[in-house]
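Breakdown of the fold
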Number of protein chains: 2
Amino acid sequence: MVPVAARHASQEPSLDEDALNALAAVLQPDLEACNRTIVARMDSPVALIPQLAAHIVAAGGKRLRPLLTLACARLCGYGGERHVKLAACVEFIHTATLLHDDVVDESLLRRGLASANAVFGNQASVLVGDFLFARAFQLMVEDGSLEVLSILSRAAATIAEGEVLQLVTQNDLATSEARYLDVIRGKTAALFAAACEVGAVVADRPDAEAAALAEFGMNLGIAFQLVDDALDYAADQSVLGKTVGDDFREGKITLPVLVAYQAGDPADCDFWHRTIETNEQNEADLDRALHLMQGCGAIRMTLERAQSFATAAKAALAPFPDSAMRRALIEVTDYTVSRAR
Amino acid sequence: MVPVAARHASQEPSLDEDALNALAAVLQPDLEACNRTIVARMDSPVALIPQLAAHIVAAGGKRLRPLLTLACARLCGYGGERHVKLAACVEFIHTATLLHDDVVDESLLRRGLASANAVFGNQASVLVGDFLFARAFQLMVEDGSLEVLSILSRAAATIAEGEVLQLVTQNDLATSEARYLDVIRGKTAALFAAACEVGAVVADRPDAEAAALAEFGMNLGIAFQLVDDALDYAADQSVLGKTVGDDFREGKITLPVLVAYQAGDPADCDFWHRTIETNEQNEADLDRALHLMQGCGAIRMTLERAQSFATAAKAALAPFPDSAMRRALIEVTDYTVSRAR
């Protein structure tokens with residue numbers, strides 16, 4: 001379980017996160033209540049569960065997804081407290097998927113991605129993820145809205161579909177951009193969309209507003225994942241604390257790779273086949289990959305694509321009148337793209 | 001994923017399964033509708049999902065848990081069709097846990113339990129399990145009963161707790177019998193209890209009847225797991241198609257092991273420490289384990305314990321008047337214990 005948690009915890013706040021911090025500040029009492037709910041409800045008489053969950057839930061997470069639920073509920077004029085518990089559900093589902101992402105196969109373990117101190121390893125990650133997932137549904141049942149249950153159970157199924165699709169396209173350079181977008185819509189954006197839509201549902205707003213917020217979240221989620229995929233080849237470690245090249249070493253199919261592969265000459269294509277498809281890599285390969293991407297503008301193109309999804313996200317907020325919460329959501333959307341600059 | 005699926009598929013019907021077959025026959029139209037629902041609702045545009053799910057859902061499963069939901073609904077005089085979809089939910093949750101049980105760590109892979117043809121291995125098992133789990137909740141939301149959602153989301157959390165507790169007690173001979181019973185209550189019996197309770201809820205019966213059926217299912221589930229644990233050291237392969245010694249090779253803590261360990265002299269205790277705790281085994285060890293168990297009556301004691309839970313299960317059916325369905329449930333309970341003879 002260590003790689004994900006470490007990556008998570010290492011994303012320390014930076015100047016670029018001002019917008020997210022501003023949103024957290026506006027929502028401070030809600031966010032604190034949400035954090036209390038998270039800690040209280042991940043408890044279990046089986047001590048390993050809160051221990052392992054705390055490792056990932058409590059350690060340095062930006063709480064972006066639950067913040068979206070809290071913000072969208074307030075944007076819709078909601079004055080109650082139900083959104084706090086539902087924001088915790090969203091974070092539990094997110095954490096469960098992080099824990100399950102973390103399950104690695106023997107081949108990956110051999111490549112040195114797993115830590116030796118992962119005593120319970122894969123099995124504990126899977127089971128604690130299952131617990132948090134089940135607990136999320138228990139919280140939703142306590143809330144009592146079948147509409148919320150419908151939105152989040154559909155999102156959970158879509159996330160799993162996106163993750164399986166990612167597995168199927170792994171190492172496959174013939175993956176189309178459309179299919180890559182299907183993957184990130186499923187594995188990332190579906191939960192962003194659901195997190196936002198739930199805000200309108202607790203506020204009992206018309207379907208059109210719920211749909212607008214789902215649209216906002218979906219586009220924001222796609223932009224977020226595109227930027228994340230670009231950062232994996234471009235992050236300034238001193239600023240973002242992110243390691244360059246994780247995706248490359250895993251042979252993950254992301255837009256920067258697809259763009260560089262499609263722009264490459266035969267020698268470049270051989271390089272990509274060897275490093276991504278066959279996953280045979282040596283120390284100089286990451287530098288060459290970065291060089292090829294720079295040469296064809298793959299990172300710039302990926303960020304431009306992210307920018308257009310961010311623009312679509314902001315446009316989806318049109319039905320909502322100007323307010324501090326609307327401005328904060330727009331700033332977070334801008335931050336999502338600007339963090340890569 | 002092969003070991004679990006193979007174990008599953010290899011449990012061919014035998015004479016001992018007459019009672020279960022009789023229950024399936026009484027409920028044939030319901031069971032066929034449930035099977036159709038299972039196949040229809042495990043579908044996904046991501047082809048690997050139905051492929052992998054079919055491997056385990058459609059292959060040779062006895063459908064014991066969904067049969068309990070169907071039977072308990074009919075026992076309660078239910079005349080509708082909702083129980084069919086909910087029985088499919090129960091099977092999806094069960095299948096998800098089988099897929100997640102199947103996730104093995106590197107150490108286990110090295111011991112030769114995983115098959116070379118497990119191309120997608122752990123990750124696919126986890127993600128398809130997640131999909132089925134999410135899909136189960138989608139089906140419950142379609143059904144629309146918050147009470148059913150409450151029962152099955154609580155059961156799902158309890159299953160995860162039981163599985164984590166099993167992981168924590170793995171290889172630990174100091175595990176008490178009470179703790180072992182906590183493990184099997186969680187990992188196995190909680191879903192039996194929920195499957196039965198749901199039958200009373202769809203039939204809109206009083207709480208006392210729902211509680212009685214939950215009690216029936218809980219005791220039946222404990223008996224079932226105790227017999228399963230006994231069979232792992234006693235099954236006649238030609239009759240049950242089950243391999244002796246799987247639990248032993250995994251160093252799993254089950255009642256036969258605990259009884260034999262506690263009855264052992266110092267030399268025996270050294271043997272159990274080496275084989276179960278340190279998990280250092282050679283070819284002759286299984287025979288010695290079986291011999292020690294026979295000497296102290298560990299299998300007999302385990303089966304007697306199972307018998308007393310089966311008796312408690314049948315007693316829990318007292319509130320229900322005699323009927324063909326009640327007799328079929330009693331026969332299935334008797335079969336659960338008798339299959340070990």
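Residues numbered from 1 in each chain as written. Chains lettered and ligands numbered in written order. Predicted model: local features only at pLDDT ≥ 70, side-chain atom pairs only at ≥ 80, totals over all residues. Heavy atoms only, no water.

Helix and strand counts for chain A come out as 18 helices and zero strands. Counting contacts in chain A only where the partners sit at least 6 residues apart, residues at least 24 apart contribute 76% of the total. For chain A, the exposed area adds up to about 12700 Å²; of that, 51% sits on carbon and sulfur atoms. (Helix = DSSP H or I, 4+ residues; strand = E, 2+ residues; numbered from the N terminus. Contact = heavy atoms within 4.5 Å. Areas by Shrake-Rupley, 256 points an atom, 1.4 Å probe, with all protein chains shown as cover.)

What follows deals with the packing of helix 2 (residues 18–26) of chain A against helix 5 (residues 64–75) of chain A. All names here are of chain A. For the pair helix 2 and helix 5, interaxial distance at closest approach is 10 Å and the crossing angle is 50°. With respect to helix 5, the axis of helix 2 lies oblique. As for the relative orientation of helix 2 and helix 5, their crossing is left-handed in sense. Where helix 2 abuts helix 5, its residues Leu 20, Leu 23 and Ala 24 lie against Leu 64, Leu 67 and Ala 71. Of the residues belonging to the contact of helix 2 with helix 5, the class tally is six nonpolar, no polar and no charged. (Axes fitted to C-alpha atoms, helices over the stretch in contact; angles between N-to-C directions. Parallel < 35°, antiparallel > 145°, perpendicular 65-115°, else oblique. Left-handed = near helix turned anticlockwise from the far one by under 90°. Nonpolar A, V, L, I, M, F, W, Y, C, P; charged D, E, K, R; others polar.)

To continue, consider helix 9 (residues 146–169) of chain A. Residue and element names in this part refer to chain A. Counted at 1.5 Å a residue, the expected span for helix 9 with its 24 residues is 34 Å, and the 34 Å between its end C-alpha atoms agrees. Buried residues dominate helix 9, accounting for 18 of its 24 residues. In this structure Ser 145 caps helix 9, since a side-chain oxygen of it lies 3.3 Å from the backbone nitrogen of Glu 147. (Expected span 1.5 Å × (residues − 1). Buried < 20%, exposed > 50% of the residue type's maximum accessible area, 1.4 Å probe, protein only. Polar contact = N/O pair within 3.5 Å; in protein donor to acceptor, adjacent residues only side chain to side chain.)

Counting residues at the interface gives 44 residues for chain A and 44 residues for chain B. Where chain A abuts chain B, roughly 3900 Å² becomes buried across the two surfaces, and 73% of that area is made up of carbon and sulfur atoms. If you look at where chain A meets chain B, you find zero salt bridges. Scanning the region where chain A abuts chain B turns up four residue pairs in polar contact (both at pLDDT 80 or more). Taken together, the elements giving at least two residues each to the side of chain A that touches chain B come down to helix 4 (48–57), helix 7 (106–110), helix 8 (121–143) and helix 9 of chain A. Its residues assigned to classes, the side of chain A that touches chain B comprises 27 nonpolar, ten polar and seven charged. (Buried area = accessible area lost by both parts, 1.4 Å probe. Salt bridge = Lys/Arg side-chain N within 4 Å of Asp/Glu carboxyl O.)

Of the transformation superimposing chain A on chain B, the axial component is 0.0 Å and the angular component is 180°, with the fit at an RMSD of 0.0 Å. What the rotation and shift describe, once combined, is the action of a two-fold rotation axis. Both copies share a contact surface, since 100% of the interface residues of chain A are interface residues in chain B too. (Least-squares fit on C-alpha atoms with pLDDT ≥ 70 in both.)

Residues and elements named next belong to chain B. Positive phi values are uncommon outside glycine, yet Asn 171 reaches one of about 65°. Within the secondary structure layout, Asn 171 lies in the loop between helix 9 (146–169) and helix 10 (177–202). Look at Asn 171 and you get partly exposed, because its relative accessible area is 22%.

Quick look at the packing of helix 11 (residues 207–231) of chain A against helix 18 (residues 324–338) of chain A now. Residue and element names in this part refer to chain A. Remark: helix 11 packs on helix 18, axes separated minimally by 8 Å, with the N-to-C direction vectors making an angle of 25°. The pairing of helix 11 with helix 18 is recorded here as roughly parallel in orientation. The two elements helix 11 and helix 18 cross, and the hand of that crossing is left-handed. Between helix 11 and helix 18, the contacting residues are Phe 216, Leu 220, Ala 223, Phe 224 and Val 227 on the first element and Leu 329, Thr 333, Thr 336 and Val 337 on the second. For the contact of helix 11 with helix 18, the per-class residue count stands at seven nonpolar, two polar and no charged.

Let us now look at the packing of aromatic side chains. Tallying each qualifying case throughout the model produces 14 aromatic pairs over all chains. Ring plane angle 45° and centroid distance 5.3 Å describe the contact between Phe 133 of chain A and Phe 133 of chain B, whose orientation is recorded as tilted. Remark: Phe 133 of chain B occurs in helix 8 (residues 121–143) and Phe 133 of chain A occurs in helix 8; the pair is interchain, linking two chains. For the pair shown, Phe 133 of chain A and Phe 133 of chain B are each scored as buried. (Phe/Tyr/Trp six-rings, centres within 6.5 Å; stacked < 30°, edge-to-face > 60°.)

Now for the side chain of Ser 44 of chain B. Considering the arrangement of structural elements, one finds Ser 44 of chain B in the loop between helix 3 (28–41) and helix 4 (48–57). Engagement of the side chain of Ser 44 of chain B in a polar contact is seen with the side chain of Glu 161 of chain A, the distance being 2.6 Å. Within the local environment of Ser 44 of chain B, its side chain forms a polar contact with the backbone nitrogen of Val 46 of chain B, the two atoms lying 3.0 Å apart. Excluding anything up to four places from it in sequence, Ser 44 of chain B contacts Glu 161 of chain A together with Ile 49, Pro 50 and Phe 131 of chain B.

Let us look at the confidence of the model for chain A. Residue and element names in this part refer to chain A. Looking at chain A as a whole, its pLDDT mean stands at 87, while 86% of the residues score no less than 70. Counting interchain partners and residues more than four positions distant, the pLDDT-below-50 stretch residues 1–15 has 32 contacts. Predicted confidence for residues 106–117 stays below pLDDT 50, and this span has 17 contacts to residues more than four positions away or in other chains. Interface confidence in the predicted complex, given as ipTM, is 0.91; pTM for the same model is 0.91. (pLDDT = per-residue confidence, 0-100.)

This structure, assessed with the given rule, holds 31 salt bridges over all chains. Asp 246 of chain A is the salt-bridge partner of Arg 249 of chain A, the closest N and O atoms lying 3.4 Å from each other. Linking Arg 249 of chain A with Asp 246 of chain A, this pair stays in helix 13 (residues 246–250), spanning three residues, or about one helical turn. For Arg 154 of chain B, the salt bridge is made with Glu 197 of chain B, and the minimal N-O distance between the two is 4.0 Å. Here Arg 154 of chain B is found in helix 9, whereas its partner Glu 197 of chain B is found in helix 10, with 43 residues between them in sequence. Through salt bridges with shared partners, a single network forms among Arg 41, Lys 85 and Glu 142 of chain A.

Residue and element names in this part refer to chain B. One pass over the full model with this rule turns up zero disulfides over all chains. Not part of a disulfide, Cys 89 finds its nearest cysteine sulfur in Cys 34, a span of 9.2 Å. Cys 89 sits in the buried class, given a relative accessible area of 0%. (Disulfide = S-S within 2.5 Å.)

Residue and element names in this part refer to chain A. Locating His 55 in the fold gives a position in helix 4. The class of His 55 is partly exposed, set by a relative accessible area of 39%. Along the backbone, His 55 and Val 202 are 147 residues apart, and their C-alpha atoms lie at a distance of 30 Å.

Here we take up the environment of Val 90 of chain A. All names here are of chain A. Relative to the helices and strands, Val 90 resides in helix 6 (residues 82–101). Along the sequence, Val 90 and Cys 196 sit 106 residues apart, while their C-alpha atoms lie 10 Å from each other. Contacts of Val 90, omitting those with residues within four sequence positions, involve Arg 65, Pro 66, Thr 69, Leu 152, Leu 191 and Ala 195.

To continue, consider helix 2 of chain A. Residues and elements named next belong to chain A. Turning to helix 2, its buried residues number three or more, namely Ala 19, Leu 20, Leu 23 and Ala 24. In an axial view of helix 2, the angular spread of the buried residues amounts to 140°, which keeps them on one side of the axis. Contacts from the buried residues of helix 2 go to helix 3 (28–41), helix 5 and helix 18. (Arc of directions from axis to C-beta.)

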